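# Remarks on the overall topology
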Amino acid sequence: MPNRTYVIENQELKFVSGIRIGIDYPLTSDFIVMYCNQRKPAEWHPLNYRKSRGGNYLDLRFTHHTNAAHFKIDIIGQQQEPARGELIYFIPPSLQEAKNNLASKKIVFLGCVRNCETSIRSSIEKLMELGALFDDFEIHIFENDSTDNSREILNELSRQGRFKILSRSGLDELFPLRTQRLAFCRNLLWDEVCINSTRPDYVCVVDMDGVIEGLPTIQGFLSSFRFEACWDAVFPVNNGSYYDVYALRHPLICDGDYHRKFTHFDASFGMRNALWFTLQNIGSMNFSSLPGWLEVKSAFGGMAIYKFDGLDQAHYVGIDNGIETCEHVALHSDLLRIGKRLFINPEFIIETHKVP
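Computed from a predicted model, the values in this text were never measured in an experiment.

So, about the overall build of the protein chain. The number of helices and strands found in the protein chain is 9 helices and 18 strands. Looking at the protein chain residue by residue over its 356 residues, the buried ones come to 50%. Counting contacts in the protein chain only where the partners sit at least 6 residues apart, residues at least 24 apart contribute 83% of the total. Only carbon and sulfur atoms are counted for the fraction: they give 48% of the accessible area of the protein chain, which is about 17300 Å².

Further remarks concern the pairing of strand β12 (residues 202-207). Residues in a regular strand point their side chains to alternate faces of the sheet. The buried count for β12 comes to 6 of 6 residues, which makes it a mostly enclosed element. What you see with β12 is no split at all: Y202, C204 and V206 on one side and V203, V205 and D207 on the other are buried throughout. As paired strands, strand β9 (residues 106-113) and β12 are joined by 6 bridges and run parallel to one another. Of the residues in β12, the one forming a bridge with I107 is Y202. Alignment of β12 against strand β15 (residues 303-307), held across 5 bridges, turns out to be antiparallel. Within β15, the position partnered with V205 by the bridge is A304.

A few words on the nonpolar core. Of all hydrophobic cores here, the largest spans 41 residues; its most connected members are F109, F221, F225, W231 and I305. Examining the composition of this core, we find that 4 residues originate from one element, helix α2 (residues 120-131), more than from any other. Excluding its chain neighbours within four sequence positions, the residues that come into contact with F109 are L127, L130, G131, F137, E138, I139, H140, C204 and V206. In terms of nonpolar packing, the next biggest core, distinct from the first, is built from 40 residues, C194, V205, F300 and C326 among them.

Secondary-structure assignment places H332 in helix α9 (residues 327-337). Take H332: its relative accessible area is 0%, and that puts it in the buried class. Within the structure, H332 has its side chain in polar contact with the side chain of Y306 (distance 2.7 Å). Not counting chain neighbours up to four residues away, the residues in contact with H332 comprise F235, K297, S298, A299, Y306 and L342.

Next up on the list: the packing of helix α1 (residues 95-102) against helix α6 (residues 218-226). Their axes nearest at 9 Å, the elements α1 and α6 cross at an angle of 80°. Relative to α6, the element α1 is oriented roughly perpendicular. On α6, the residues touching L95, A98, K99 and L102 of α1 are Q219, L222, S223, F225 and R226. For the contact of α1 with α6, a count of residues per class yields 5 nonpolar, 2 polar and 2 charged.

One open sheet accounts for 4 strands, arranged β5-β6-β2-β8; its pairing is antiparallel. Since the sheet does not close on itself, it has two edges, and those belong to β5 (49-54) and β8 (86-89), each with one partner. Within this sheet the neighbouring strands show an average axis-to-axis angle of 25°, counted without direction. The pairing of strand β2 (residues 16-22) with β8 spans 4 bridges and is classified as antiparallel. Bridge pairing links G18 to I88 in β8.

Here the focus is the environment of V296. Here V296 is to be found in strand β14 (residues 294-296). The residues touching V296, leaving out its near neighbours within four places in the chain, are F235, L248, R249, H250, L342, F343 and I344.

A word on α9. Among all positions of α9, only E327, H328, V329, L331, H332, D334 and L335 are buried. Turning to α9, the residues buried within the fold contact α5 (178-196), β13 (233-238), β15 and β18 (342-350). The first or second residue beyond α9 is G339, which carries a positive phi of 90°.

Let us now look at the sheet that holds strand β10 (residues 136-144). With mixed pairing, the 8 strands of this open sheet are ordered in space as β11-β10-β9-β12-β15-β13-β18-β14. The sheet is open, and its two edges are formed by β11 (163-168) and β14, each paired on a single side. Averaged over neighbouring strand pairs, the angle between their axes works out to 25° when direction is ignored. The pairing of β13 with β18 spans 5 bridges and is classified as parallel.

A few words on the pairing of β13. Here β13 lies mainly inside the structure; 6 of its 6 residues are buried. With 2 bridges joining them, β13 and β15 adopt antiparallel strand pairing. Bridged to A233 within β15 is Y306.

Definitions and cut-offs
Residues numbered from 1 in each chain as written. Predicted model: local features only at pLDDT ≥ 70, side-chain atom pairs only at ≥ 80, totals over all residues. Heavy atoms only, no water. Helix = DSSP H or I, 4+ residues; strand = E, 2+ residues; numbered from the N terminus. Buried < 20%, exposed > 50% of the residue type's maximum accessible area, 1.4 Å probe, protein only. Contact = heavy atoms within 4.5 Å. Areas by Shrake-Rupley, 256 points an atom, 1.4 Å probe, with all protein chains shown as cover. Pairing = 2+ DSSP bridges. Core = buried A, V, L, I, M, F, W, Y, C linked by side-chain atoms within 4.5 Å. Polar contact = N/O pair within 3.5 Å; in protein donor to acceptor, adjacent residues only side chain to side chain. Axes fitted to C-alpha atoms, helices over the stretch in contact; angles between N-to-C directions. Parallel < 35°, antiparallel > 145°, perpendicular 65-115°, else oblique. Nonpolar A, V, L, I, M, F, W, Y, C, P; charged D, E, K, R; others polar.

Here it is in structure tokens:
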């Protein structure tokens, strides 16, 4: 018996919930549904779905909403020609509806501080502004080894309530590598939320060194929650060139650690040229111009929002075989392992920052 194959394009890269096929006769065929996100489809990947019949159509509803560029349906052993399928688009709520939904939710903000006295107050003000969108929020800050007034400012701010301050000294001796220290600090905050806090709905990890002083706007922050059904973790872009290549992992544009890549260059290039060559493509991209959400294996960019479910199965690691590595990558590898989906949202914009 012949097979029928259809390819449907998702030119606007909207999130898709399934495919509807018009059929007005009995159908017992099997379906294979696949997706491809390449500009010209070549490599197809299977999609899980559930099938339901309704009148003169058949719905193939995906397990997860996806914004892939192409979908392919193979109808096995079908003689009659069914009507061509159409995509069932995910319809996001409005900004106001997303805001109303957060009014019954709780979020916990986590940040690490060291010598950030010039940015702490403005960063905390931004977190208070964002936290006010929720029914309840907390701010947990880990401070270590500051030689300025960071610790004193945090203690002063903590009297406003909603704060939990953890402080340690001497971490340089225990953990000589920067990413090793960061992983330790972030894991202490992580465990504080996963083990000791009242269960929140979301956890937001934030850099406290001035990257969130002016942005995100309320609208930009809320834009992620319009698509809450589509993600498990969401990351921002910058209001200029994308800077956090260290945390970024994508199979095409950044499949590994750029620090390790540029160290293998011919020494005649010099460090400056090797670093420039390694970063020039991604480092010059403006991710706020992306036409759709970008699914990634890892990212950060100064802020990240996670759904709480499953976070107790993920931890930061800042060292790999004695070599520094971005601590966020290990955390996100743990999340991917348990089936979580990670996206960059081009409407979720924060300030530009220097390349780490």
